[in-house]
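# Report on the structure
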Amino acid sequence: MKTIAPIKGMKEWVAFLRTKGLTLGLVPTMGALHQGHVSLIRRAREENDKVILGIFVNPIQFDKEKDLLSYPRDIEKDKELASREGVDIIFAPSVEEIYPKGFSTFVEEEDLTERLCGEHRPGHFRGVTTVVTKLLNIISPDRAYFGLKDLQQSHVIKKMVRDLNMNVEVVVLPTVRDKDGLALSSRNQHLSRTERQTALSIYKALIRARELFASGETNSCEILQEMHGILHKAGIFQIDYTSVVDPETLEELEEARPDAVVALACWVGNTRLIDNMGLSETTSLKERLPALSSLEREAHA
Ligand code: PAF
């Protein structure tokens, strides 16, 4: 496995691999890898000849300086995991090279980004779409892989790729959860033991929404009120949003439908967590766990 930092070096490798007629899969990440990233890497390996893992903590997608500075970083651990998972190249460019002095060109999606996280994190999605465009331009992969936990991000990237006629297939894979239901996220590393326990109420609230819908409740207000009750009881009061949304447009739905998704963002201590679930999603955690490899089961143990 190679680790490449210079953009020129990365482009040369891509050109070389292309002369051999090989297909390329890109898994863009900000590092602090977990089993959610592993599922993306594994799928990329199945579908492409070579897998490139992007590791770049993108400063322009953070709306708070403190959040950027405290974002978990452990490149050595990431390299170990990537090598174990058969990644061919890690592309870990420097901030100075990605955003050289005088950088002034940004990519912005203007519809989907108005809702949910977009309302609470000014500039966040502009940062994401800009850096993803740059990575796609540098690597020109056949496929790029993203996790559904970042529901809005994956929609925004798909939209950008469609609107700008980018030559890449965007592959979005299901959220990977810990055995108790907590959605895996690099940010979970910030949670104390007690906070992690508190954070479980996010999963409980989503499950409750699903249960209510299954029992015939279609009034989104009622569903969201119960979710708030669960979060409050656990001690979560700083809730950016809870919303029942259309799975494609992400527009808020007053009346829940079988294809609707319930999404939420809230703060547990100083950590902002997001999660979502389809209201008719049927796969239970128990059903998903046996499908995991022994390595993943270790991580869940
Ligand atoms: O999901 C992430 O880790 C980041 O938002 C991404 C897509 C790598 C862009 O920095």
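Structural notes, computed from the coordinates. Since we're looking at a predicted model, the values are computed, not measured. (Residues numbered from 1 in each chain as written. Predicted model: local features only at pLDDT ≥ 70, side-chain atom pairs only at ≥ 80, totals over all residues. Heavy atoms only, no water.)

## Some remarks on a negative patch on the surface
Taken together, Glu108, Glu110, Glu114, Glu119, Glu252, Glu254 and Glu255 make up a surface patch of like negative charges. With respect to the helices, strands and loops of the structure, Glu254 is situated in the loop between strand 7 (239–245) and strand 8 (261–268). Judged by its relative accessible area of 71%, Glu254 is exposed. (Patch = residues over 30% accessible without salt bridge, like charges linked within 9 Å, V, L, I, M, F, W, Y side chains within 5 Å. Areas by Shrake-Rupley, 256 points an atom, 1.4 Å probe, with all protein chains shown as cover. Salt bridge = Lys/Arg side-chain N within 4 Å of Asp/Glu carboxyl O. Lys, Arg positive; Asp, Glu negative; His and termini not counted. Charge placed at Lys NZ, Arg CZ, Asp CG, Glu CD. Helix = DSSP H or I, 4+ residues; strand = E, 2+ residues; numbered from the N terminus. Buried < 20%, exposed > 50% of the residue type's maximum accessible area, 1.4 Å probe, protein only.)

## Overview of the site of the ligand
Looking at the ligand, the residues that line it are Pro28, Thr29, Met30, Asn58, Gln61, Val131, Phe146, Asp150 and Gln153. Separating an oxygen atom of the ligand from a side-chain N or O atom of Gln61 is a distance of 2.6 Å. The separation between an oxygen atom of the ligand and a polar side-chain atom of Gln153 is 2.7 Å. Alone, the ligand offers 290 Å² of accessible surface; in the complex the protein occludes 88% of this. For the shell around the ligand, the per-class residue count stands at four nonpolar, four polar and one charged. (Near = heavy atom within 4 Å. Polar contact = N/O pair within 3.5 Å; in protein donor to acceptor, adjacent residues only side chain to side chain. Nonpolar A, V, L, I, M, F, W, Y, C, P; charged D, E, K, R; others polar.)

## Some words on helix 2 (residues 35–47)
For helix 2, built from 13 residues, the straight-helix expectation of 18 Å at 1.5 Å per residue is met to within 8% by its first-to-last C-alpha distance of 18 Å. Listed as buried for helix 2 are Gln35, Gly36, His37, Val38, Ser39, Leu40, Ile41 and Ala44. (Expected span 1.5 Å × (residues − 1).)

## Quick look at helix 1 (residues 7–19)
The end-to-end C-alpha separation of helix 1 is 19 Å, in line with the 18 Å expected for 13 residues at 1.5 Å each. Against strand 1 (2–4), strand 2 (24–29), strand 3 (50–55), strand 4 (89–91), helix 5 (95–98) and helix 7 (124–139) lie the buried residues of helix 1. (Contact = heavy atoms within 4.5 Å.)

## What about the sheet that holds strand 6 (residues 169–173)?
Read across the sheet, six strands follow the order 1-4-3-2-5-6 without closing on themselves; strand pairing throughout is parallel. Looking along the sheet, the strands with just one partner apiece sit at the ends: strand 1 and strand 6. Averaged over neighbouring strand pairs, the angle between their axes works out to 25° when direction is ignored. In this structure, strand 3 lies alongside strand 4, joined through three bridges in parallel fashion. Following the sheet pairing, Gly54 is matched in strand 4 by Phe91. Sheet contacts for helix 1: strand 1, strand 2, strand 3 and strand 4; angle to strand 4, the most-contacted strand, approximately 145°. Docked against the sheet, helix 7 engages strand 2, strand 3, strand 4 and strand 5 (143–147), running at close to 150° with respect to strand 2. (Pairing = 2+ DSSP bridges. Axes fitted to C-alpha atoms, helices over the stretch in contact; angles between N-to-C directions.)

## Points about the sheet that holds strand 7
Ordered by their spatial adjacency, three strands build an open sheet running 7-8-9, and the pairing between neighbours is antiparallel. In this open sheet, the two edge strands, each paired with only one partner strand, are strand 7 and strand 9 (271–278). Shown here is a sheet whose adjacent strand axes are inclined to one another by a mean of 10°, direction ignored. The strands touched by helix 10 (residues 220–234) within the sheet are strand 7 and strand 8, with strand 7 carrying the most contacts at an inclination of about 145°.

## Some points on the side chain of Thr198
Among the structural elements, Thr198 can be located in helix 9 (residues 193–214). According to the relative accessible area criterion, Thr198 is buried, its value standing at 17%. Ignoring sequence-local partners within four residues, the contact set of Thr198 consists of Ala234, Ile236 and Val268.

## A closer look at the state of the cysteines
The tally for this structure, following the rule as stated, stands at zero disulfides. Among the cysteines around Cys117, which has no disulfide bond, Cys266 carries the closest sulfur, lying 11 Å off. The class for Cys117 is buried, based on a relative accessible area of 6%. In this structure Cys266 comes out as buried when scored by relative accessible area, which is 0%. (Disulfide = S-S within 2.5 Å.)

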